[in-house]
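Each chain, written out:
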Amino acid sequence: AHMSLQFFPDGRFKHFLSLEDVPATALESLLNDAQQLRENAMGGTQLRHHLQGKTVCNLFFENSTRTRSSFLLAAQRLGADVFTFDASTSSGKKGETDIDTLKNLEAMGVNAFVIRHSENGAVEKLAAAANDGTSVINAGDGRNQHPTQGLLDMLSIRQIKGNDFSKLKILIAGDIKYSRVARSDLNALRTLNAGEIRVCAPASLLPTDGTLDACIHYENFDQAIKNVDVVMMLRLQRERMEEGLVASLDGYFQEYGLTQQRLGLAKPDAIVMHPGPMNRGVEIADEVADGPQSIILPQVSNGVAVRMAVLKALLA
Ligand code: CP
């Protein structure tokens, strides 16, 4: 359904909702633009003409540290007027619907909404309700998609491993079933022709739909990580423990936690990624998160550049 919503008939982006149907040319063009912006993404005034006169609203119905702040900075650094809507202090608390909220903010002259929501498909529904001239960017919906995270992850891999992903063995480990990050990353890795995609998680945290088509599944982490170039760790969504999907945090760390010893089984120049927020000592050890192979903070820096590139593609 998002295919027709996301693109104009000529192939340009109208909204940015999902990486599922984004062709390689469009993905690479966004990555190239983000890389060019990367040098200037951290400040300066030379980019502020791109979105002058445009208004961006950060519409977050769910918590965020990285995505919300980096979209705010990205819009500011491109010269847009930008404001953040705080759902917890809004009239949504009095029962106003999400669509009415969007339509009212739109009436104030918002050109683009950056939306996070806890429900699958909620951002797509809001995009369908927006006026023709309004763009919507998905900043994460339920367990469905987090397309700008997928982009920043691809940019982070490219910067270190080069543009040819066909040579790479990539492992995605952890709570894949509930991860919108994993879904967007898997879409992008397939589109960019990744050589080998491995997944490792307990059976209770593996999706049973088509998400893992063409991935190699490992139950044993030590086997999964052998000779990989990239290790992408995922946050264990702790609320799953109450559903009994994970027996104990200690047990999870023993079997699926990334320790320095385990990382030693990957290629010596392997990189370690995590989208954040991290559960230290649950899916990743401090020594790895803060170690020389970790690119977790460079991922965050790339988030600003990628979000600038997406805002530019939609609004400039
Ligand atoms: N990676 C990510 O989306 O982090 P936040 O939830 O803090 O935005």
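Residues numbered from 1 in each chain as written. Predicted model: local features only at pLDDT ≥ 70, side-chain atom pairs only at ≥ 80, totals over all residues. Heavy atoms only, no water.

Participant: How should I be thinking about the overall build of the chain in this particular structure?
Facilitator: Each helix and strand in the chain was counted, giving 13 helices and nine strands. Scaling as 2.2 N^0.38, a compact globule of 316 residues should have a C-alpha radius of gyration of about 20 Å, and the chain matches this with 19 Å. With the C-alpha coordinates aligned to their principal axes, the bounding extent of the chain is approximately 55 × 40 × 35 Å. Contacts spanning at least 24 positions in sequence make up 74% of the contacts within the chain whose residues lie at least 6 apart. For the chain, the exposed surface amounts to about 13300 Å²; the carbon and sulfur share of it is 47%. (Helix = DSSP H or I, 4+ residues; strand = E, 2+ residues; numbered from the N terminus. Rg over C-alpha atoms; globule rule 2.2 N^0.38 Å. Contact = heavy atoms within 4.5 Å. Areas by Shrake-Rupley, 256 points an atom, 1.4 Å probe, with all protein chains shown as cover.)

Participant: Would you explain the pattern of salt bridges in this entry?
Facilitator: Pairing between side chains of opposite charge can happen when their charged atoms approach one another. One pass over the structure, following the stated rule, counts 10 salt bridges. The salt bridge involving Arg198 is made with Glu196; its shortest N-O contact spans 2.7 Å. Asp229 is the partner of Lys267 in a salt bridge, and the nearest nitrogen-oxygen pair spans 3.0 Å. Of the two residues, Lys267 is situated in the loop between α11 (260-263) and β9 (271-273) and Asp229 in the loop between α8 (221-224) and β8 (230-233); the sequence distance between them amounts to 38 residues. In this structure Lys267 comes out as partly exposed when scored by relative accessible area, which is 25%. Within the structure, one salt-bridge network assembled from shared partners comprises Arg280, Asp286 and Asp290. (Salt bridge = Lys/Arg side-chain N within 4 Å of Asp/Glu carboxyl O. Buried < 20%, exposed > 50% of the residue type's maximum accessible area, 1.4 Å probe, protein only.)

Participant: Could you clarify how one ought to interpret the nonpolar core in this entry?
Facilitator: Core analysis: the biggest nonpolar cluster contains 91 residues, and Leu189, Leu258 and Leu311 have the highest contact counts within it. Looking at this core, the element that brings in the most residues is helix α13 (residues 296-315), giving 10 residues. With residues up to four places along the chain from it excluded, the contact list for Leu311 reads Leu51, Val56, Phe71, Ala74, Ala75, Leu78, Ile137 and Ala316. Membership of the second largest hydrophobic core comes to 16 residues, among which are Phe85, Ala87, Ile115 and Ala130. (Core = buried A, V, L, I, M, F, W, Y, C linked by side-chain atoms within 4.5 Å.)

Participant: How should the sheet that holds strand β1 (residues 55-60) be read in this particular structure?
Facilitator: Two pairing modes exist for strands in a sheet, parallel and antiparallel, and in both the strands are linked by backbone hydrogen bonds. The strand order across the open sheet built from four strands is β2-β1-β3-β4, with neighbouring strands paired in parallel fashion. Every interior strand has two partners, whereas the edge strands, β2 (81-86) and β4 (135-141), have only one. Going across the sheet, the axis of each strand differs from the next one's by a mean of 15°, ignoring polarity. By the bridge criterion, six bridges tie β1 to β2 in an arrangement that is parallel. Note that in β2 the partner of Thr55 across the bridge is Asp81. (Pairing = 2+ DSSP bridges. Axes fitted to C-alpha atoms, helices over the stretch in contact; angles between N-to-C directions.)

Participant: Honestly, the packing of helix α3 (residues 66-77) against α13 in this entry has me stumped. Any pointers?
Facilitator: A packed helix pair is summarised by two numbers, namely the angle formed by the two axes and the spacing between the axes. Put simply, α3 and α13 touch, their axes get as near as 8 Å, and they point 55° apart. On the basis of their axis angle, the class for α3 and α13 is oblique. Remark: the crossing between α3 and α13 carries right-handed chirality. Within the contact between the two elements, α3 uses Arg66, Thr67, Ser70, Phe71, Ala74, Ala75 and Arg77 and α13 uses Val300, Gly303, Val304, Arg307, Met308 and Leu311. Class assignment for the residues of the contact of α3 with α13 results in seven nonpolar, three polar and three charged. (Parallel < 35°, antiparallel > 145°, perpendicular 65-115°, else oblique. Left-handed = near helix turned anticlockwise from the far one by under 90°. Nonpolar A, V, L, I, M, F, W, Y, C, P; charged D, E, K, R; others polar.)

Participant: Even after reading the chapter, I still don't get the sheet that holds strand β7 (residues 216-218), so can you show me in this structure?
Facilitator: Spatially, five strands are ordered β7-β6-β5-β8-β9 in an open sheet, and the strand pairing comes out parallel. Because the sheet does not close on itself, it has two edges, and the strands there are β7 and β9. Between one strand axis and the next, the sheet turns through 20° on average, direction left out of account. Sheet topology note: the strand β6 (residues 196-200)/β7 ladder contains three bridges and is parallel. Along β7, the bridge assignment pairs Arg198 with Ile216.

Participant: Before we go on, may I ask you to explain the site of the ligand in this structure?
Facilitator: Every residue close to the ligand is listed here: Ser64, Thr65, Arg66, Thr67, Arg116, His146, Gln149, Pro275 and Gly276. At 2.7 Å from an oxygen atom of the ligand is found a main-chain nitrogen or oxygen belonging to Thr65. The contact in question runs from an oxygen atom of the ligand to an N or O atom on the side chain of Thr67, over 2.6 Å. Protein chains shield 92% of the accessible area of the ligand, which is 260 Å² for the free molecule. Its residues placed into classes, the shell around the ligand shows one nonpolar, six polar and two charged. (Near = heavy atom within 4 Å. Polar contact = N/O pair within 3.5 Å; in protein donor to acceptor, adjacent residues only side chain to side chain.)

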